[in-house]
Amino acid sequence: MSSPIHTGTNQQGSLRTSDDLLICLACGTQYDEQNLTSCRICDDPRQYIPPTGQSFTTLSKLRSDPANYHLTFTPDEQDSSITSIKIDPPGVGIGQRAILISTPHGNILWDLVAYLDEDAVSQINKLGGLSAIVISHPHFYTTWKDWSATFNNVPVYLAEPDKSWLNRSLTDANVRFLTERHTPLVPDVTAIICGGHFPAYSMLTRSTPSPTP
Ligand SMILES: [Zn+2]
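Computed from a predicted structure; not experimentally measured.

## Structural notes on unusual backbone geometry
Between Asp88 and the following residue, Pro89, the backbone shows a cis peptide bond with an omega angle of -5°. Take Pro89: it is sitting in the loop between strand 4 (82-88) and strand 5 (97-101). A positive phi angle, near 35°, is found at Thr142, a position not held by glycine. On the secondary structure map, Thr142 appears in the loop between strand 7 (132-134) and helix 4 (144-150). A positive phi angle, near 60°, is found at Asn153, a position not held by glycine. For Asn153, the location among the structural elements is in the loop between helix 4 and strand 8 (156-159). Given a relative accessible area of 28%, Asn153 falls into the partly exposed group.

## As for the coordination of the zinc ion
Within the protein, the atoms that donate to the zinc ion are Cys24 (SG), Cys27 (SG), Cys39 (SG) and Cys42 (SG), at distances of 2.3 Å. Relative to the metal, the four donor atoms surrounding the zinc ion lie at angles of 101 to 118°, and the coordination shape comes out tetrahedral. We note that the donor set of the zinc ion lies within a single chain, spaced as C-x2-C-x11-C-x2-C.

## Some thoughts on the nonpolar core
One finds Leu71, Leu109, Ile133, Ile135 and Trp147 to be the most contacted residues of the largest nonpolar core, which totals 44 residues. In terms of residues, this core owes the most to one element, helix 3 (residues 118-126), which gives three residues. When neighbours within four sequence positions are excluded, Ile133 is seen to be in contact with Leu109, Leu112, Trp147, Ser148, Val154, Pro155, Val156 and Tyr157. The next biggest cluster of nonpolar side chains, apart from the first, holds 15 residues, and it includes Ile101, Ile108, Trp110 and Leu178.

Calculation notes
Residues numbered from 1 in each chain as written. Predicted model: local features only at pLDDT ≥ 70, side-chain atom pairs only at ≥ 80, totals over all residues. Heavy atoms only, no water. Helix = DSSP H or I, 4+ residues; strand = E, 2+ residues; numbered from the N terminus. Buried < 20%, exposed > 50% of the residue type's maximum accessible area, 1.4 Å probe, protein only. Donors = N, O, S within 2.8 Å, 3.2 Å for Na, K, Ca; no water. Tetrahedral: all angles 85-135°; square planar, octahedral: opposite > 155°, others 65-115°. Core = buried A, V, L, I, M, F, W, Y, C linked by side-chain atoms within 4.5 Å. Contact = heavy atoms within 4.5 Å.

Structure, rendered in structure tokens:
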């Protein structure tokens, strides 16, 4: 197997988001737009338009919403290096979750949720910050550009064949496209393009180093 391609170090975050850009409430996709009537992710047959019709929000509106949106952080019961991150209460997006994987070679955030605020950044900073973001497929792209900007423009890895679904401009973005079926990111984390929901749907695998005898 080839050498790991990711050499970044953990970055502490400082909230840097596009608070007035539209986010589809149904799927969590953020657009480079402030005036939209339809969402191309929801219009696609792999998603759906809610019976109540398409609606949009922004990070600014979500932060002031009486629902008190916030992110929850839940350590994995089997592996303390893994933390699950979700939006609470549910209702923004399709129930996406992100997973923070702590490794000796930097923290990797697998997949994303649309919401982000100061408290969430503070909690991730306490976990060491982020060195990279990796996203499985377009239904989890959500607010990828804001997440990357917040953590000092850490690279966002995603499969090249799905890049037309990014929905935010690549200008000033640090996106690195995966083109191989297997791409070792750090010594124990590998991205695999396997196909599925989208042509380049990806998985992330982790191998735990054997304990020293
Ligand atoms: Zn949508």
